Amino acid sequence: MTLPPPLPAVASPCIKVCVLDAQQVCVGCGRTLDEIAQWSRMTEEQRGQVVDRARQRRSQAAP
């Protein structure tokens, strides 16, 4: 019996609202277009850093 691969420690922040603003930042998750494109090749540490930056971007964009 083959087990499925383990889930990543840092899950994608994607919420399926994939719309980019004028700065090429997703209004749904807060990641830049480059961060989204590179996600699958990032280490867990890099993913954690991206999630932190995305959280900051979303909090700054909130009214």
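In case you missed it, the structure is sitting above this.
Residues numbered from 1 in each chain as written. Predicted model: local features only at pLDDT ≥ 70, side-chain atom pairs only at ≥ 80, totals over all residues. Heavy atoms only, no water.

## A look at the pattern of salt bridges
Item 1. Under the counting rule described, the total for this entry stands at four salt bridges.
Item 2. Ionic pairing is found between Glu-35 and Arg-57, a salt bridge with its closest N-O pair at 2.9 Å. Pair noted here: Glu-35 is in helix α1 (residues 33-38) and Arg-57 is in helix α2 (residues 44-61), with a separation of 22 residues, a long-range link.
Item 3. Here Arg-47 and Glu-44 are joined by a salt bridge, their closest N and O atoms 3.5 Å apart. Taken together, the residues span about one helical turn, with Arg-47 and Glu-44 both in helix α2 at a distance of three residues.
Item 4. Under the relative-accessibility criterion, Arg-47 is labelled buried at 10%.
Item 5. A relative accessible area of 33% means that Glu-44 is categorised as partly exposed.
Item 6. Look at the salt bridges and you will find they share partners, linking Glu-35, Arg-53 and Arg-57 into a network. (Salt bridge = Lys/Arg side-chain N within 4 Å of Asp/Glu carboxyl O. Helix = DSSP H or I, 4+ residues; strand = E, 2+ residues; numbered from the N terminus. Buried < 20%, exposed > 50% of the residue type's maximum accessible area, 1.4 Å probe, protein only.)

## Examining the state of the cysteines
Item 1. Tallying each qualifying case throughout the model produces zero disulfides.
Item 2. Of all cysteine sulfurs in the structure, the one in Cys-18 sits closest to Cys-14, which takes part in no disulfide; the separation is 4.3 Å.
Item 3. Take Cys-14: its relative accessible area is 29%, and that puts it in the partly exposed class.
Item 4. Residue Cys-18 is classed as exposed on the basis of its relative accessible area, which comes to 62%. (Disulfide = S-S within 2.5 Å.)

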